[in-house]
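Observations on chain architecture
Now for the letters of each chain:
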Amino acid sequence: MRGVVFLGDRKVEMRNFPDPTPGPGEVVVEMKASGMCGSDLKFYRSPPGAAQAALGLGDLKDPFIGGHEPCGVVVARGAGVSEKEAPTGMRIMDHHYSGCGICNHCRVGWSQLCRAGITVYGVTAHGGHADYFKVPARTIVELPEELSFAEGAAVACGTGTAYGALRRMNLLGGETLAVFGQGPVGLSATVLGTAMGARVIAVETNAERMKLAREFGADAVIDAAKENVETAIKDLTRGVGADQALECSGAAPARRAAVRCVKTWGTACYVGEGGDVTLDVSPDLLRRQVTLIGSWTFSAMGMRECADFVAKKRIPLERIFSHKWRLEQADEAYKLFDKQSTGKGVFLF
Ligand SMILES: [Zn+2]
Ligand SMILES: [Zn+2]
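The notes below deal with the structure included here.

Procedures and definitions
- Residues numbered from 1 in each chain as written.
- Chains lettered and ligands numbered in written order.
- Predicted model: local features only at pLDDT ≥ 70, side-chain atom pairs only at ≥ 80, totals over all residues.
- Heavy atoms only, no water.
- Donors = N, O, S within 2.8 Å, 3.2 Å for Na, K, Ca; no water.
- Tetrahedral: all angles 85-135°; square planar, octahedral: opposite > 155°, others 65-115°.
- Pairing = 2+ DSSP bridges.
- Helix = DSSP H or I, 4+ residues; strand = E, 2+ residues; numbered from the N terminus.
- Axes fitted to C-alpha atoms, helices over the stretch in contact; angles between N-to-C directions.
- Contact = heavy atoms within 4.5 Å.
- 1 Å grid on protein atoms, 1.4 Å probe; cavity = no way out; pocket = protein on both sides within 12 Å on 5 of 7 lines; lining within 4 Å.
- Points joined across faces, edges and corners; volume = space filled by probe spheres on them.
- Nonpolar A, V, L, I, M, F, W, Y, C, P; charged D, E, K, R; others polar.
- Buried < 20%, exposed > 50% of the residue type's maximum accessible area, 1.4 Å probe, protein only.
- Phe/Tyr/Trp six-rings, centres within 6.5 Å; stacked < 30°, edge-to-face > 60°.
- Salt bridge = Lys/Arg side-chain N within 4 Å of Asp/Glu carboxyl O.

1. So, the coordination of the zinc ion (ligand 1)
Listed as protein donors to the zinc ion (ligand 1) are Cys100 (SG), Cys103 (SG), Cys106 (SG) and Cys114 (SG); their distances from the metal cover 2.3 to 2.4 Å. For the zinc ion (ligand 1), the four donor atoms in the first shell make angles of 104 to 117 degrees at the metal, a pattern classed as tetrahedral. Each donor residue of the zinc ion (ligand 1) belongs to the same chain, and together they define the spacing C-x2-C-x2-C-x7-C.

Encoded structure:
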């Protein structure tokens, strides 16, 4: 089979691999869509293994097949996997983590929190940028029939991450939500938050992404390169501040502004990976009773819940994809994504 490997330092390469055969407890998935997630840029840009180490995800150095938003169809089962558990032909998304399988975190579907050590498919083990993909059967989640494979791929990380954060924030209809960064996760938060009944203020610096945010329902869009974001949000909220803010860019100034732009008793949540932030703790947090949340993706069933929400609310998630690629275009696809000026990209098979 073909697989796209990340060689580090902005190099990707299509290579040939033996077709995977499922071991005990595993399934093989024929890939139909494999999304490009913002966090892939960290693995793409850095020297081999450096981004994984910086994110606390092991010390992998061998080239691996990228892609941690896998969506496809079950084609083979290993020993101990029943037809009922993983029927041949079932349309699935993959919850792209596996842990020990028996601890409390694993058993409730939060395997990425397993303390026995985790595998992250597409990050520390072969991922979805390939014709076939082998994973433990317990990581697969059925894709609702209303969703396309590309939409399932988006839910498998970027869109699911936005949904998981909004649920952790207990976003209410009628609240004002500021979303910092309108890449694939931020745009998802804009469209999901709007569908949940919030008034969304989108913050971005790229013109193309600002346009997408408007199309996805943002009530107001702030150009962070030209405006003072905190003042602009105060002006849009009668001087009160946003009820909640979700920070998706990972940039330190945006993180600080996300905390400062919320009202007294407001909530800010970080999902952007890596880096740091400096806060003036007393005025930024304590004096205003601000709640600050860190949120890392979603559980296996949280992913299904997100997919069901997209289906029920008829969210046109296909529109998040500005680019659909073939696997042999991986080099071109990542070069463009690296500019961070477009919508989301996906490989279709
Ligand atoms: Zn575990
Ligand atoms: Zn991701």
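2. Here we look at the sheet that holds strand β13 (residues 220-223)
The six strands are arranged β13-β12-β11-β14-β15-β16 in an open sheet whose pairing can be described as parallel. Only two strands of the sheet have a single neighbouring strand rather than two, namely β13 and β16 (291-294). On average, each strand axis in the sheet is inclined to that of its neighbour by 20 degrees, with strand direction left out of account. Where strand β11 (residues 176-180) and strand β12 (residues 199-204) come together, five bridges link them in parallel fashion. Within β12, the position partnered with Val179 by the bridge is Ala202. Sheet strands touched by helix α6 (residues 184-195): β11, β12 and β14 (242-247). Its angle to β11, the strand with the most contacts, is close to 165 degrees. Running over the sheet, helix α9 (residues 252-260) touches β11, β14, β15 (262-270) and β16 and is turned about 145 degrees from β15.

3. Examining empty space enclosed by the protein
Going through the model one piece at a time under the given rule, you end up with one cavity of 30 Å³ or more. Lining the largest cavity are Met36, Ser322, His323, Trp325, Ala333, Leu336, Phe337, Thr342, Gly343, Lys344 and Gly345. Mapped onto the lining of the largest cavity, the elements with two or more residues apiece are β17 (321-325), α12 (330-337) and β18 (344-348). Class assignment of the residues belonging to the lining of the largest cavity gives a composition of five nonpolar, five polar and one charged.

4. Things to note about the sheet that holds strand β2 (residues 11-16)
Judged by pairing direction, the sheet is antiparallel, and its three strands sit side by side in the order β2-β1-β4 without closing on themselves. Lying at the two open borders of the sheet, with one neighbouring strand each, are β2 and β4 (64-65). In terms of strand pairing, strand β1 (residues 2-8) meets β2 through six bridges, oriented antiparallel. Each bridged residue has a counterpart across the sheet, and for Phe6 the counterpart in β2 is Val12.

5. Side note on the side chain of Thr237
Mapped onto the elements, Thr237 comes out in the loop between α8 (229-236) and β14. Among the residues examined, Thr237 registers a relative accessible area of 9% and is labelled buried. Not counting residues within four places of it along the chain, the set of residues in contact with Thr237 comprises Thr176, Arg199, Ile201 and Ala242.

6. What to know about the pairing of β1
Along any regular strand the residues' side chains alternate between the sheet's two faces. Of all seven residues that make up β1, five are buried, and the element is covered over most of its length. Taking the residues that link successive antiparallel strands as the turn, the β1-β2 hairpin has two residues, and the phi of Asp9 there is positive, at about 50 degrees. Where β1 lies against β4, two bridges are found, and the strand directions are antiparallel. Bridge assignment links Phe6 to a residue of β4, and that residue is Phe64.

7. Here's the deal with the packing of aromatic side chains
Applying the stated criterion across every chain yields a total of eight aromatic pairs. For the pair Phe6 and Tyr334, a centre-to-centre distance of 5.1 Å together with 80 degrees between the ring planes defines the contact as edge-to-face. Linking Phe6 in strand β1 with Tyr334 in helix α12, this pair joins segments that are 328 residues apart in sequence. Feature note: the residues Phe6, Tyr44, Phe64, Tyr334, Phe337 and Phe347 constitute an aromatic cluster, connected by ring pairs.

8. Examining the pattern of salt bridges
By the definition in use, this model includes 18 salt bridges. Across the pair Glu328 and Arg2 runs a salt bridge whose closest N-O atoms are separated by 2.9 Å. Here Arg2 lies in strand β1 and Glu328 lies in the loop between β17 and α12, a separation of 326 residues in the sequence. For Arg2, a relative accessible area of 26% translates into the label partly exposed. Notably, a salt bridge pairs Lys263 with Asp243, separated by 2.7 Å at the nearest N-O pair. Taken together, the residues Lys263 in strand β15 and Asp243 in strand β14 connect sequence positions 20 residues apart. Three or more residues joined by partner-sharing salt bridges are found here, namely Arg2, Asp131 and Glu328.

9. Description of the coordination of the zinc ion (ligand 2)
With distances of 2.0 to 2.2 Å, the protein atoms coordinating the zinc ion (ligand 2) are Cys37 (SG), His68 (NE2) and Cys157 (SG). Counting gaps between the donor residues of the zinc ion (ligand 2) yields the pattern C-x30-H-x88-C. Of this pair, Cys37 sits in the loop between β3 (26-35) and α1 (40-45) while Cys157 sits in the loop between α4 (149-155) and α5 (158-168), and the two are 120 residues apart along the sequence. The exposure class assigned to Cys37 is buried, which follows from its relative accessible area of 5%. For Cys157, a relative accessible area of 5% translates into the label buried.

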